[in-house]
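Chain by chain, the residues run as shown.
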Amino acid sequence: MRVFKACFQVMSRKMGALAIYVVIFMALSVLLTDMSAQQLSTDFTAEKPTFTIIDRDGDTPITQGLRRYLSQNGTEVPLKDEIQVLQDATFYRASDYIVIIPQGFAASFLTAAPLQLQTVTTPNSARGYYADSLVSQYLQMVRSSLLADPGADPAQVVETAISDLGQHVQVTTRQFGEAQPVSESYHIFFRMQSYILMVMVMLCLSTVTIAFGRPDLRRRNLCSPMNAGRLNGQLSLYSLIISLFCWLLLTLLGFVVYRRDLAVLDMRLLGLMLLNALVFTLVAMAISMLAGIFMKSPNTQNAVANFVSLGLSFLGGVFVPLEYLGQGMLAVAHFTPTYWYSVALNRICKISSFSGGVPVEIWQAMGVQLGFAAALLCIALVMAKYAGRSERALQQSHTELQN
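Residues numbered from 1 in each chain as written. Predicted model: local features only at pLDDT ≥ 70, side-chain atom pairs only at ≥ 80, totals over all residues. Heavy atoms only, no water.

Observations regarding the overall build of the protein
A count of helices and strands for the protein gives 15 helices and four strands. Here the protein holds 403 residues, and 43% of them are scored as buried. Taking the contacts inside the protein whose residues are at least 6 apart along the sequence as the reference set, 80% of them involve residues at least 24 apart. Roughly 21500 Å² of accessible area belongs to the protein as shown, and the carbon and sulfur atoms make up 60% of that amount. (Helix = DSSP H or I, 4+ residues; strand = E, 2+ residues; numbered from the N terminus. Buried < 20%, exposed > 50% of the residue type's maximum accessible area, 1.4 Å probe, protein only. Contact = heavy atoms within 4.5 Å. Areas by Shrake-Rupley, 256 points an atom, 1.4 Å probe, with all protein chains shown as cover.)

Quick look at the structure:
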C-alpha cells in the first residue's frame with residue numbers, strides 16, 4: 001500500500017490550503033441555501049404599499065374612511081397637490097399609488113353617473129395594483145351598503161365596511177400523509193450539496209493526481225515492479241476514502257445547521273436523501289479522477305474544478321430548479337449526472353406516504369447516476385494507464401514526493 005500512503009503524504013503537505021477550501025465551501029453551502037430559501041419561500045406576507053391621497057372634495061365620511069382603510073394596509077406619503085410634485089413622486093417611485101378625489105365625488109357617489117377617481121400607479125409596480133384593488137373593494141362595499149339602505153348614516157356605513165374588510169381567516173395546516181415532508185431549507189441544502197461536493201472532491205483528488213502525473217514520478221512508476229492495475233487500484237481506494245470523507249463532512253454540517261428540521265423529518269426520507277447524495281459522491285469521484293488526468297499544474301486546478309462543477313450544476317437544476325428550465329435545456333440536461341441527482345431529490349421530497357413503497361423513479365435516477373460513475377471511472381482508469389506511456393510524461397520536472 002505504498003501508493004496509498006504516498007497519496008496521504010502528498011495531501012498532508014497541502015493540508016492547509018485544502019482545509020481553507022473545505023471550510024469556505026462548507027460555509028458557501030449554507031449561505032447559498034439561505035439565499036435560495038428566502039427567494040423560494042412559500043410563506044405569505046401582506047405587502048404594504050405606499051400611497052398618496054389628494055382630496056379635492058373636502059373631508060367627507062367616505063373619503064375619510066378611504067384614507068383610514070388604506071392606512072391600515074399601507075403607508076401614506078403626503079404630497080402637495082401640484083402636477084410637478086406628483087410626476088416626480090411617480091418617476092422616483094416615492095409613492096406606489098396616487099389617488100385624486102375630484103370635487104363633488106361624495107355628492108355623486110350614489111348617482112347613476114358618479115365621478116371617477118383619478119389614479120396614478122407606478123409602472124410595473126405590483127404594490128400599486130394592490131393598492132388600486134384595495135380602493136375598489138372599499139368603494140364597492142360602501143356603495144352596496146348605502147344602496148341597500150339609503151337612509152343609513154354614511155359614517156356608520158363606513159365604519160362597518162372598514163370592520164368587515166379587516167376580517168381575517170385563521171388558517172390551519174394539517175399533514176395527512178404518514179411521512180413528514182422535507183423542509184424547503186433542507187431540500188435546497190441537499191440540492192446545493194451536489195455543487196459543493198463536486199468542487200471539494202475535485203480539489204482534494206486533483207492535488208494527488210497532479211503530483212502523480214509529474215514526469216519523474218511517472219517514469220519511476222513505470223520502472224517499478226508494481227503494475228498499472230495495482231497502482232490505479234490504490235489511487236482509486238484513496239479517491240473513494242476522500243470522497244466519502246467529503247460526503248460525511250457535508251452530511252454532518254446539515255445535521256448541525258438544520259437540526260430543528262431533522263427533529264420532525266421522517267427518517268425514511270432522510271435515508272433516501274443521504275443515499276442519493278452518497279451515489280452522487282461516486283459520480284463526483286469518477287469525474288474528479290477523469291478531470292485530474294488533464295490537470296498538469298496547480299494553476300489549472302481551480303479553473304477546471306470550477307468550470308466542470310458550475311457547468312454541470314447549471315445544467316442539472318442545482319442553481320435553477322428544473323421546472324424553470326426550457327425544453328431545450330432539459331434535453332441537454334438529461335446527459336448530465338446532476339440532472340438525475342436533482343430528479344431523485346425532488347421526487348424524494350414529494351413523498352407523502354410509503355404505503356406503496358419507494359417510487360421506482362427514485363431507484364431509476366440513482367441507477368443512472370451509478371451508470372455515469374461506472375462509465376466515467378472506466379474511462380479515467382484507461383486514460384490514466386496510457387497517459388503514463390506518452391512522450392509528454394517523460395519531460396523533466398520535480399515531484400511532490402522529493403525531500
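Digging into the packing of helix 7 (residues 184–212) against helix 14 (residues 337–349)
Relative orientation of the contacting elements helix 7 and helix 14 amounts to 160°, with a least axis distance of 10 Å. Judged on the interaxial angle alone, helix 14 and helix 7 are roughly antiparallel. The handedness of the crossing between helix 7 and helix 14 comes out as right-handed. Between helix 7, through His187, Phe190, Arg191, Gln193, Ser194 and Met198, and helix 14, the contact on the second element is made entirely by Thr338, Tyr341, Leu345, Asn346 and Cys349. (Axes fitted to C-alpha atoms, helices over the stretch in contact; angles between N-to-C directions. Parallel < 35°, antiparallel > 145°, perpendicular 65-115°, else oblique. Left-handed = near helix turned anticlockwise from the far one by under 90°.)

Examining the environment of Ala155
By secondary structure assignment, the location of Ala155 is in helix 6 (residues 154–165). For Ala155, a relative accessible area of 34% corresponds to the partly exposed category. Taking the C-alpha atoms as reference points, Ala155 and Pro61, separated by 94 residues in sequence, lie 5.3 Å from one another.

Section: the packing of helix 5 (residues 126–148) against helix 6
Running from N to C, helix 5 and helix 6 point in directions that differ by 130°, and their axes come no closer than 9 Å. With respect to helix 6, the element helix 5 is oriented oblique. Pair helix 5 / helix 6 crosses with right-handed handedness. Along its contact with helix 5, which presents Gln137, Tyr138, Met141, Val142, Ser145 and Leu146, the element helix 6 presents Pro154, Val157, Val158, Ala161, Ile162, Asp164 and Leu165. The residue makeup of the contact of helix 5 with helix 6, split by class, is ten nonpolar, two polar and one charged. (Nonpolar A, V, L, I, M, F, W, Y, C, P; charged D, E, K, R; others polar.)

Re the sheet that holds strand 1 (residues 50–55)
Strand order across the open sheet formed by four strands is 2-1-3-4, with mixed pairing between neighbours. Strand pairing shows two members of the sheet lacking a second neighbour, strand 2 (75–76) and strand 4 (118–121), which therefore form its edges. Taken together, the two bridges between strand 1 and strand 2 define a ladder with parallel strand orientation. Within strand 2, the residue paired with Thr50 across the bridge is Thr75. (Pairing = 2+ DSSP bridges.)

So, the pairing of strand 3 (residues 97–101)
The buried fraction of strand 3 is high, at five of five residues. Two elements, strand 3 and strand 4, share four bridges in a ladder whose sense is antiparallel. Counterpart to Val99 in the pairing with strand 4 is Thr119.

Notes on the confidence of the model for the protein
For residues with low pLDDT, the predicted coordinates do not support detailed interpretation. The predicted model of the protein has a mean per-residue pLDDT of 81, with 85% of residues at 70 or higher. Low pLDDT (under 50) marks residues 391–401, which in the prediction has 29 contacts with non-local residues, meaning those over four places away or in another chain. (pLDDT = per-residue confidence, 0-100.)

A closer look at the pattern of salt bridges
This model, assessed by the stated rule, comprises five salt bridges. A salt bridge links Arg56 to Asp81; its shortest N-O distance comes to 2.9 Å. Here Asp81 lies in the loop between strand 2 and helix 4 (83–91) and Arg56 lies in the loop between strand 1 and helix 3 (61–73), a separation of 25 residues in the sequence. With relative accessibility at 37%, the residue Arg56 sits in the partly exposed group. Across the salt bridge formed by Asp266 and Arg268, the nearest N and O atoms sit 3.0 Å from each other. Accessibility expressed as a relative area gives 42% for Arg268, which makes it partly exposed. (Salt bridge = Lys/Arg side-chain N within 4 Å of Asp/Glu carboxyl O.)

Thoughts on the packing of aromatic side chains
As enumerated under the stated definition, the model contains twelve aromatic pairs in all. Pairing Phe105 with Phe109 gives two aromatic rings, centres 5.7 Å apart and planes at 55°, and the pair type is tilted. Where Phe280 meets Tyr341, the ring centres are 5.0 Å apart and the plane angle is 45°; that geometry is what we call tilted. Here the residue Phe280 occupies a position in helix 11 (residues 267–293), and Tyr341 occupies one in helix 14, the gap between them amounting to 61 residues. Neither Phe280 nor Tyr341 differs from the other in exposure class; each is buried. Chaining the aromatic ring pairs together yields one cluster made of Tyr186, Phe189, Phe190 and Tyr258. A cation sits over an aromatic face here: Arg143 above Phe109, 4.3 Å from the ring centre. (Phe/Tyr/Trp six-rings, centres within 6.5 Å; stacked < 30°, edge-to-face > 60°. Lys NZ or Arg CZ within 6 Å of the ring centre and 35° of its normal.)

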